[in-house]
Amino acid sequence: MLAENQVNRVLVVTAHPDDADFGAAGTVALMVDRGVEVTYLLVTDGDAGGNERAQDNAGMAELRRSEQIAAAKAVGVTDVRFLGYSDGTVVPSLELRRDIARVIRQVRPDLVITHHPDRNYQFVAPSHPDHRAVGGATLDAVYPDARNPYAFPELLRDEGLTEWTVREVWLNGGSAPNHWVDITDALDRKVAALLSHVSQVSHREGFEAFVRERFLQNGATAGLPTGRAAEPFQIVPTSF
Ligand SMILES: [Zn+2]
């Protein structure tokens, strides 16, 4: 596992607005506190989300982009990028791999955080098809696409983007986490980030208590002292 001082740039790749905030906003807040530069890359605008909504999909996309930008700001992230794929129909295509590899070469992160590409049979909620597709495409973009100078040669030829090796990937939502980050000192900021997604959470009664309870439960699972909260990840070394 990379030491903290080996992680200076991080790219978080997710399918929808709010995924980064459920999965990793506490960890991200603590990284930003240490001076790490964090970029969010969202594959869709979440245009098929919402509840009893008045907007069409285009209106929802615009609203959710603005909610994600506000949520990012709540944990100190200002670089938020969107690929504009359609919510609910993402597949791990060559096009998506190229689009993620492009951003990896632009950002040159030490660490990438993304969705687990496998279905979680213990708890299916994190295994939305878009999440699995984005997780798979991101791992493929990390290895081999971004590091192979001959993969997607147009990235070098047309955009001058040279190869880049990401050294570690942290996966969210899997059934076998092997690393827990103590996010207690950032739990309030994580909650604030989640509450920024007004169109998704404002109708959910007791949402804030639910979030706090869930991440305190993760802290207990991680073996942290009572009252400590944690975010779980599966760490995948990718430097080999
Ligand atoms: Zn999602």
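In this text the structure is predicted, and so the values were computed from the model without any measurement.

1. Let's talk about the coordination of the zinc ion
- Surrounding the zinc ion are the protein donor atoms His 16 (ND1), Asp 19 (OD), Asp 19 (OD) and His 131 (NE2), which sit 2.0 to 2.6 Å from the metal.
- Around the zinc ion sit 4 donor atoms, and with donor-metal-donor angles ranging over 54 to 130° the site reads as irregular.
- In primary sequence terms, the donor set of the zinc ion follows H-x2-D-x111-H. A single burial state applies to His 16 and to Asp 19, both of which are buried.

2. What about the environment of Thr 221?
- Along the polypeptide, Thr 221 turns up in helix 8 (residues 207–221).
- The class for Thr 221 is exposed, based on a relative accessible area of 52%.
- Expressed as a C-alpha distance, the spacing of Thr 221 and Pro 232, which sit 11 residues apart in the sequence, is 9.4 Å.

3. Notes on helix 6 (residues 187–195)
- Buried within helix 6 we find Leu 187, Lys 190, Val 191, Ala 193 and Leu 194. Looking straight down helix 6, one finds its buried side chains confined to an arc of 160°; they lie on one side.

4. Remarks on the pattern of salt bridges
- For the coordinates displayed, the defined rule picks out 16 salt bridges.
- Close ionic contact of Asp 99 with Arg 98 constitutes a salt bridge, the shortest N to O distance being 3.5 Å.
- For Asp 99, a relative accessible area of 9% translates into the label buried.
- Ionic contacts of the salt-bridge type, sharing partners, join the residues Arg 98, Asp 99, Arg 102, Glu 154 and Glu 159 into one network.

Parameters and conventions
- As a convention, each chain's residues are numbered from 1 in the sequence order in which they are written.
- Whole-chain, interface and lining totals are the exception, using all residues; otherwise, since this is a predicted model, local features are given only for residues with pLDDT of at least 70 and side-chain atom pairs are given and counted only at 80 or more.
- Hydrogens and waters are ignored; side-chain quantities use all the structure's heavy atoms.
- Metal coordination here is assigned from N, O and S atoms located within 2.8 Å of the ion, or within 3.2 Å for Na, K and Ca; omission of water means that sites may look incomplete.
- Every angle between 85 and 135 degrees makes a four-donor site tetrahedral, while opposite donors more than 155 degrees apart, with all other angles between 65 and 115, make a four-donor site square planar and a six-donor site octahedral; other sites are irregular.
- Buried means the residue's accessible area, taken with a 1.4 Å probe over protein chains only, is under 20% of the maximum for its type, while exposed means over 50%, and partly exposed covers the values in between.
- Secondary structure is summarised from DSSP: a helix means a run of H or I of at least four residues, a strand means a run of E of at least two, and numbering begins at the N terminus for each.
- It is the directions from the helix axis to the C-beta atoms whose arc is reported.
- Should a side-chain nitrogen of Lys or Arg be within 4 Å of a carboxyl oxygen of Asp or Glu, the pair is scored as a salt bridge.

So far we have only geometry, and geometry alone does not tell us how the molecule works.
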